[in-house]
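# Structural features, examined
Each chain is listed here by its residues.
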Amino acid sequence: MHNEWRNEYRIYGCAMQLDIIDGQIWIQHNSTEIFIDRELIKRGVDRKDIILGFRSPSVRKLLAANTD
């Protein structure tokens, strides 16, 4: 979470949101410089268990077809 003040302006928001849905990791939001999907794969998570929830379903299908 971003939670800070810059002078009189409040900075607040979610930097990253991951959900576990039906045993898969859904990346819902990522406003960091970290490629969280790549990090998860490096740590042993199967590509098929990572869903890019911030992409439309039609784009997710295309991306899934390219992971084999």
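Below or above, wherever it landed, is the structure these notes cover. (Residues numbered from 1 in each chain as written. Predicted model: local features only at pLDDT ≥ 70, side-chain atom pairs only at ≥ 80, totals over all residues. Heavy atoms only, no water.)

For the rest of this paragraph, the subject is the environment of Asp37. Inspection of the secondary structure puts Asp37 in helix 1 (residues 36-42). Given the relative accessible area of 25%, Asp37 is considered partly exposed. Each C-alpha atom of the pair Asp37 and Ile51 lies 8.7 Å from the other, and the pair is 14 residues apart in sequence. Setting aside chain neighbours within four positions, we find Asp37 in contact with Ile27, Ile50 and Leu52. (Helix = DSSP H or I, 4+ residues; strand = E, 2+ residues; numbered from the N terminus. Buried < 20%, exposed > 50% of the residue type's maximum accessible area, 1.4 Å probe, protein only. Contact = heavy atoms within 4.5 Å.)

For the structure shown, the criterion picks out 0 aromatic pairs. Over the ring of Phe35 we find Arg38, and its NZ or CZ is 4.0 Å from the ring centre. (Phe/Tyr/Trp six-rings, centres within 6.5 Å; stacked < 30°, edge-to-face > 60°. Lys NZ or Arg CZ within 6 Å of the ring centre and 35° of its normal.)

The subject of this paragraph is the sheet that holds strand 4 (residues 24-30). Taken together, 3 strands build an open sheet; the order of strands is 3-4-5 and the sheet is mixed. Each edge of the open sheet carries a strand with a single partner, namely strand 3 (16-21) and strand 5 (50-52). In this sheet, neighbouring strand axes are inclined to one another by 25° on average, regardless of whether the strands run parallel or antiparallel. Where strand 3 lies against strand 4, 6 bridges are found, and the strand directions are antiparallel. Note on strand 4: the bridge partner recorded for Asp19 is Trp26. (Pairing = 2+ DSSP bridges. Axes fitted to C-alpha atoms, helices over the stretch in contact; angles between N-to-C directions.)

Moving on: unusual backbone geometry. Most peptide bonds are trans, and most residues other than glycine sit at a negative phi. In this structure, Asn7 takes a positive phi of about 60° despite not being glycine. By the element assignment, Asn7 lies in the loop between strand 1 (2-6) and strand 2 (9-13). You can call Asn7 exposed: its relative accessible area is 74%. Although it is not a glycine, Asp22 adopts a positive phi angle of roughly 50°. If you trace the backbone, Asp22 turns up in the loop between strand 3 and strand 4.

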